[in-house]
Amino acid sequence: MEKDLWQYLETAEKPIVLYGMGNGADKIINILNSRGIKISGVFASDGFVRKKTFHGFQIETYAEIKERLGNVIVLVCFGSSLTDVIANIERIAKEQELYAPEVPVYGGGLFTLDYVQKNRDRFEKIYNILADELSRKTFECIVNYKLSGDIKFLNACEVTPDEPFENILRLTEKETYIDLGAYTGDTVKQFTTAVNGKYRKIYAVEPDKKTFLKLKANTVCTEDIELINACISDKCGTLTFKSNGGRNSVVDLSGSETKCTTVDAILNGNSATYIKMDVEGEEIAAIHGSERTVKTYKPKMLISCYHRTDDMLSIPETVFAMCSDYKLFMRHYRYIPAWDTNYFFV
């Protein structure tokens, strides 16, 4: 690949328009502005237009953009796994040149061609230790997607959430499960379904207070579960946590003081067999806070690797520095952009 998406857009001749508003669009506009790339319009799904403006642009429908500008380059500025939303994105992609730019959910730095070239040795090392062909295909596709913004690379490596349970994790009725970022209980339910309701214990950790109440309500009939309303980190104490009432709640200096804990502290020397980490960019801290457990018991782990630019590299590097005999797998579930991309350590 001679150019990444941002380099390509710098020389593109077609008008560039944004599909979507919000935090993702803010980030993309900032990047485009920093590179002197002009935006010619912003559109949203028909139900979200309503005479709104965004960054000085009157929000249009796709039909209005097409009538006004003709052939354009569309940049998707939001994330979704919803079937109807993805179908609409793919419909537009059949008519226009469309990309879903990779921007970090948290933190700085961009996944550019320069970043890949500077870290080539790290990429090759991780690629070479991946344990199966689908993991290597997924790794290649995710790198190519992040560089190009082309959603065809995501489609090429997509699996269902059931696939890793069947082919990688192979959970049994003897599991002790730690769910870090339990949200409203969806992944607790996924776990209990995978083990047919038979397990030893569940620890479900969720820092957002409103979401924790939903987690509590949704697991009221779940046996042998301990609910923990705290941030997960590499230390015990307090952190400043910004509560957004959903999956985007995050450790942030603008937030309020919130209790934090570690996996090692939760277990207090007891064993765990399976840990899921989806903690909004705090995965490295969570891994460090699990060091004693990882070294002593080598639990199976699902760790999200899409929040920060360096996650694809730094997460396996951190785990293997603690325990070098894990097998490493990678899978991507249906999502645009490359969210719901996970490493599996077994």
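Relevant structure appears above.
Because the structure is a prediction, the values reported are computed rather than measured. (Residues numbered from 1 in each chain as written. Predicted model: local features only at pLDDT ≥ 70, side-chain atom pairs only at ≥ 80, totals over all residues. Heavy atoms only, no water.)

## Side note on the pattern of salt bridges
For the structure on display, the rule yields 18 salt bridges. Between Glu60 and Arg68 there is a salt bridge, with the nearest N and O atoms lying 2.7 Å from each other. Judged by its relative accessible area of 13%, Glu60 falls in the buried class. You can call Arg68 partly exposed: its relative accessible area is 45%. (Salt bridge = Lys/Arg side-chain N within 4 Å of Asp/Glu carboxyl O. Buried < 20%, exposed > 50% of the residue type's maximum accessible area, 1.4 Å probe, protein only.)

## Quick look at helix 15 (residues 311-322)
With 12 residues, helix 15 extends 17 Å from end C-alpha to end C-alpha; this agrees with the ideal 16 Å at 1.5 Å per step. With respect to burial, helix 15 is a largely interior element, 10 of its 12 residues being buried. Within the sequence span of helix 15, burial applies to Asp311, Met312, Leu313, Ser314, Ile315, Pro316, Thr318, Val319, Phe320 and Met322. (Helix = DSSP H or I, 4+ residues; strand = E, 2+ residues; numbered from the N terminus. Expected span 1.5 Å × (residues − 1).)

## Some words on the environment of Tyr99
Tracing the chain through its elements places Tyr99 in strand 6 (residues 97-99). Look at Tyr99 and you get buried, because its relative accessible area is 14%. In this structure the C-alpha to C-alpha distance between Tyr99 and Ser148, which are 49 residues apart in sequence, comes to 7.6 Å. Leaving out residues up to four positions away in the same chain, Tyr99 has contacts with Leu5, Tyr8, Ile73, Val74, Leu75, Val76, Ser148, Gly149 and Asp150. Only 2.5 Å separates the side chain of Tyr99 from the side chain of Glu97, close enough to count as a polar contact. (Contact = heavy atoms within 4.5 Å. Polar contact = N/O pair within 3.5 Å; in protein donor to acceptor, adjacent residues only side chain to side chain.)

## Some points on the sheet that holds strand 18 (residues 341-345)
Paired through backbone hydrogen bonds, the strands of a sheet run either parallel or antiparallel to each other. Taken in spatial order, the eight strands of this open sheet run 7-17-18-16-15-8-9-10, and their pairing is mixed. Both outer strands of the open sheet, strand 7 (158-159) and strand 10 (225-228), are each paired with one neighbouring strand and no more. Pairing between strand 17 (residues 328-333) and strand 18: five bridges, direction antiparallel. Residue pairing across strands places Met330 opposite Tyr343, the latter belonging to strand 18. (Pairing = 2+ DSSP bridges.)

## Topic: the packing of aromatic side chains
Enumeration according to the criterion identifies 17 aromatic pairs in this entry. Through a chain of ring-to-ring contacts, the aromatic side chains of Phe111, Tyr115, Phe123, Tyr127 and Phe139 assemble into a single cluster. A cation sits over an aromatic face here: Lys298 above Tyr326, 5.3 Å from the ring centre. (Phe/Tyr/Trp six-rings, centres within 6.5 Å; stacked < 30°, edge-to-face > 60°. Lys NZ or Arg CZ within 6 Å of the ring centre and 35° of its normal.)

## Section: the state of the cysteines
Disulfide: a covalent bond formed between the sulfur atoms of two cysteine residues. Following the criterion strictly, the structure yields zero disulfides and no others. Note on Cys231: no disulfide assigned, nearest cysteine sulfur contributed by Cys260 at a separation of 6.7 Å. Just so you know, Cys305 is unpaired, no disulfide at all, and the nearest cysteine sulfur is the one on Cys157, 11 Å from it. Look at Cys305 and you get buried, because its relative accessible area is 2%. (Disulfide = S-S within 2.5 Å.)

Nothing here speaks to function; it is geometry throughout.
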